[in-house]
Structure formats: C-alpha cells, structure tokens
Amino acid sequence: MAKHEDISQALIREGGIADILNDYSPHFADNVAEILKDNKDKQIPPNIFHAVISSQFDADRLDYMQRDRLMTGVRSSYVDMEWLFANLEVGEIKVEQDGESLGTAQTLVLSPKAQHTAENYIFSLFHLYPNVYLHKTTRGFEMLFQALMRRLVCLVRAGKMGDTGLIEQNPLIEFIKEPDKQEHVLSLDDNVLWSSLPFLVQAKDKYVKKCALDLMIRRPLRAIDIRLKVEAALEQKKQGNDIEEGSQIVDRICKNIVEKIKVGQGEDSEHCILCDSYSRSVYKKALIDERSAHLNQILIRKNGSIRDLRDVSPAIHYAESYKICRAYVFRDDREQKYTKKVEDIIAEEVKNA
Amino acid sequence: MPEENALQQQVRRIISDAGGELIGRIRLQKIAFLMTEAGFLHDFSFEYYHYGPYSEALEVAVKQACADKVISEEEKATEWGTPYYIYRPGEKAAPAAEVEEEKYFVTRAKSFPSVVLELAATTLYLYRHEEFYRGDKGNPWLETERRKKFKAREGRLRKAYEAYEALRLLPAQETLPEIAFPF
C-alpha cells in the first residue's frame, strides 16, 4: 500500500501547498518534504524539526487533542498550550549508542516552570483514550468499518466485484485493486464512504449488506467488555492482589479468550464476533531501538541538566497503561448465540486460570 | 535454512569469541555482518536499515537465545538514561568450538567504538551490496558520510577507515576488499 509519508511528500512538493511554501522562500516546499522522508538513509539522530513532526510532543498531537476535545464536547483534557509554548526552548542533549557518547544534538526542551503543565498535557491526552478514542461505541463503529473493508477486499480479490454493490470506477474498488497507486489513496475520503453506503446496502453479499446497513443507520454493535468481566471474575476468586501481577494475569486470560474466539471463527472474512484489543501507555520510555530516541521524549530543563519528564514525574513514571479487550456482536444476534459463545469462553478461561 | 538452534549457537559463538561479553545490540549486528563478509558466518542475511547492515534473523536468534538461556542480555542505562545491553553466555550455553583466527577477528572488532564499527560496516555493505565499487556510483566512504552526517563527524569516518583496514589485514576465511579512502 502507498506509504502515508510518500503521499504527504507528494502533496507538499506539488500543487497548491507547494505554491504557498515556495512563495515564502524558493525550494522551501522541497525542504519541508525532505523532513517527512522515511527512507533507510534518514539521518540518526534526526534534527530538531523531526521532534516537531513526530514525537510525544509533536505538532499533530497538540493539534488533534484540542480539536477532538472540542468536536466531541469532552470538558476535561484542557491543556494550557500558551504556557507550554511560552516555556519551550532549544536545548542540547547527549546522543549515545551502545552506551558510548556520540556528542550532542539539538532538541526541544521545556523550562522547569512548565513541568506540571507538561504532566497535565500527558494525562489530558491519555484521558482522551478512554473518553473518546477507545470509547466502546467509537471503536464499535471502527470494527464495523474494518469488517466491511475486509469483506470488500476479499470479494474483489476473489473476482466477485459484482457482489459488492459498487461499480468498477468507485474509488474504494480502484483502491482495493491498486493500493500502491497514490492517486487512488488520495481519492479516498469520508464522502466516498458515505456516498457508497446506499450502494453497499444493495450488495448481493449478505455480510457487506449487513455491515453497510448498520453503518448507514448508525446502529452500533453490541459490546462485550471481556477485560472488565475477567477482572470482576478474578476479584471474586480473590486472585491477583498485587496490581502488576493481577494485570498480567488479566492480560494473559484476555489473550487466550481472543485467540479462542478467532480460532472458532476460522479464516473467512464473515466474522460474527469482532475482537478489539488495545493498550495505551501514559508515556513511552526512551528505547534505543527507536531512531528518534530522546527526540521522541518530553524533556525538562531542571537543576542545570536536561531530564526526561518520566524521570522527574513519579505520577508519569508509575502510571499504568489503559487497556481494552472487547468482543463485538451484531444486533441481529437476537437469540444471543454469539454473545453466549463469548461468555462461555470467558467463563471457561476464568475457571482454568 | 539452518535450524533455529543452530542460529542460536552462532550467536553464542560470537559472544564467546568476544571473550564472553559484548556490549550493544548495534555492535553485535555490525560484528556479525563483518564476520559474514569475512567468511566466518554464513547463515545470516543482511539488508540496509537505519543503522546500516541489519539482519532480522540475527535479531530473532538473539531473542530466542535469551529466552532459551543460551545467552543472557542485561539491560543497563547510561548516566543520561539511554538503555544499552550487555550480552554474555547463558546458563544453558554449550561450549563453543574456538577458531583462533575468528576469535582474534571478533576481539579486534569489539575493541572499536560501536559507531566506528557502524560506519565501517555500512561502507563495506555499500561496496559489496549496493555496487559502490563502480566509479559512477561514487566512493562508498563518501556515501556513508552523506547518509550518516552526524555520526561521521569529529574524525569518526577516518577512524572507521582505520578500523576497517585493521580488520581487513587480519587472517580471515575470505579477504575483505580494499576500499580506498578519499581524504
């Protein structure tokens, strides 16, 4: 499939965006596009601009967390952006490899006055996950959309395009046939999906029809919170008193349950139970395997040295990840056949734990 | 395709050749690449990645060897907090057969800084696998400098050349090519 970095580069180098950037300064569009490159000879460490584009404090996160908060009406997760920006500085950090120093590189650093605002930023973004991004209804519709797309891909690849309800020139079909072509990726947007739904509802394929109809009339899947049920059952069994140990036991049981559900459904693309697992950490620890290493972190200037926020904030250091493990069933499961199946698997796995 | 166990034993052999301790994931990858090019190893294939030549099969073998206690991996952190890893033979390590010239090669390679090894291994990779021996493609040392500007500064590219020459002149199963330094 066409890579989003390549598509972004193409958009910046050509067309309206390029004209605006090049008006500002000659070749500026190319300079900006270069930063987005993700090829194998990308410089390590990346320069300071990469921290703005892709890090735990990047421009994208700062933008979308404000926008999503506004658009969804969530009243919490407010961040004092002005204070954060007012306390943003350029600092020099050590670059190391295999425990040896390579010198220093420039990156963005916050002054000590912004430490608590930075903490607030981290938790505000984190809280948007349970409240918005991983909300059971939001994720349910995402699962539904994914199931629909998977089925469409299977049908088109099997030469059954006629069963999809779409014509050959539909951007979705063109994309499925040639996913590497940038123009096909660029032609996909939410309008394409919404306007395709009435045709998908007419599909010969029953699964496509069902998913499309549920999306069109906004009929959500029924969520079964596997993780919550496992936690409640273990609490009754008085297992996992230690928080970390308890969480690991729950992780293991949930993983087994999801595997059993998947095995039971086989390889076809008409799943009646859709599984959703996700883990979101509060803040990522610096990993040497990541090319950006410290440029990915939120850094605080404190007592004359530059420290990772995780090392100066016990709240962030010890915070647990937010995890979900859910199964979704269609609303047409009136006899609750699939709901019961999931519940039986949960009961069996908890019993064996 | 060699057995999983055989690959683990080769990882164990590298650690053993290094005198029973090797610091750094990147260093381990680069030494394995140089050993492969010098004919001491045959079962790992390498491709160009962010840190130069990299073998996914080697990474998997290292993880598996750690899990099976054939080697051990200790995580440490620098004063700044950057993690790095120390490899040693594990509890279940079988004694490795020693080849004198291989041991000498690895011991010598291990003595160079990780970044110097990365620059040398990258240049050799460019020469052998990206056709930088051809005049029209340019000098591989210059290409390494272009790709790794930060790492090649402060005289490290010259140090990489000197390290490469030191390794090239050691006895090996296959002679490493002479790669002219342009400066």
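The coordinates are above.
Residues numbered from 1 in each chain as written. Chains lettered and ligands numbered in written order. Predicted model: local features only at pLDDT ≥ 70, side-chain atom pairs only at ≥ 80, totals over all residues. Heavy atoms only, no water.

## With respect to the overall build of chain B
Within chain B, the secondary structure is distributed over eight helices and five strands. Along the chain direction, N to C, the helices and strands of chain B fall in the order α-β-α-β-β-α-β-β-α-α-α-α-α. At 16 Å, chain B has a C-alpha radius of gyration in line with the 16 Å of a compact globule built from 183 residues. Overall size of chain B, expressed as C-alpha extent along the three principal axes, is 50 × 40 × 25 Å. Put simply, chain B has 183 residues, and 51% of those count as buried. For chain B, long-range pairs separated by at least 24 residues make up 64% of all intrachain contacts whose partners lie at least 6 apart in sequence. Accessible surface computed for chain B: about 8,400 Å², of which carbon and sulfur atoms make up 48%. Treating the 26 positive side-chain charges of chain B as one cloud and the 30 negative ones as another, the clouds have centres 5 Å apart. (Helix = DSSP H or I, 4+ residues; strand = E, 2+ residues; numbered from the N terminus. Rg over C-alpha atoms; globule rule 2.2 N^0.38 Å. Buried < 20%, exposed > 50% of the residue type's maximum accessible area, 1.4 Å probe, protein only. Contact = heavy atoms within 4.5 Å. Areas by Shrake-Rupley, 256 points an atom, 1.4 Å probe, with all protein chains shown as cover. Lys, Arg positive; Asp, Glu negative; His and termini not counted. Charge placed at Lys NZ, Arg CZ, Asp CG, Glu CD.)

## Describing the packing of helix 5 (residues 59-72) of chain A against helix 7 (residues 115-133) of chain A
Each pair of packed helices can be summarised by the angle the axes make with each other and by the distance between the axes. All names here are of chain A. One can describe the packing of helix 5 onto helix 7 by two numbers: an axis separation of 11 Å at closest approach and a directional angle of 45 degrees. Classified by the angle their axes make, helix 5 and helix 7 are oblique. When you trace helix 5 past helix 7, the crossing you get is left-handed. Every residue of helix 7 that contacts helix 5 at Arg-61, Leu-62, Tyr-64, Met-65, Asp-68 and Thr-72 is listed here: Tyr-121, Ser-124, Leu-125, Leu-128, Tyr-129, Val-132 and Tyr-133. Residue composition of the contact of helix 5 with helix 7, grouped by class: nine nonpolar, two polar and two charged. (Axes fitted to C-alpha atoms, helices over the stretch in contact; angles between N-to-C directions. Parallel < 35°, antiparallel > 145°, perpendicular 65-115°, else oblique. Left-handed = near helix turned anticlockwise from the far one by under 90°. Nonpolar A, V, L, I, M, F, W, Y, C, P; charged D, E, K, R; others polar.)

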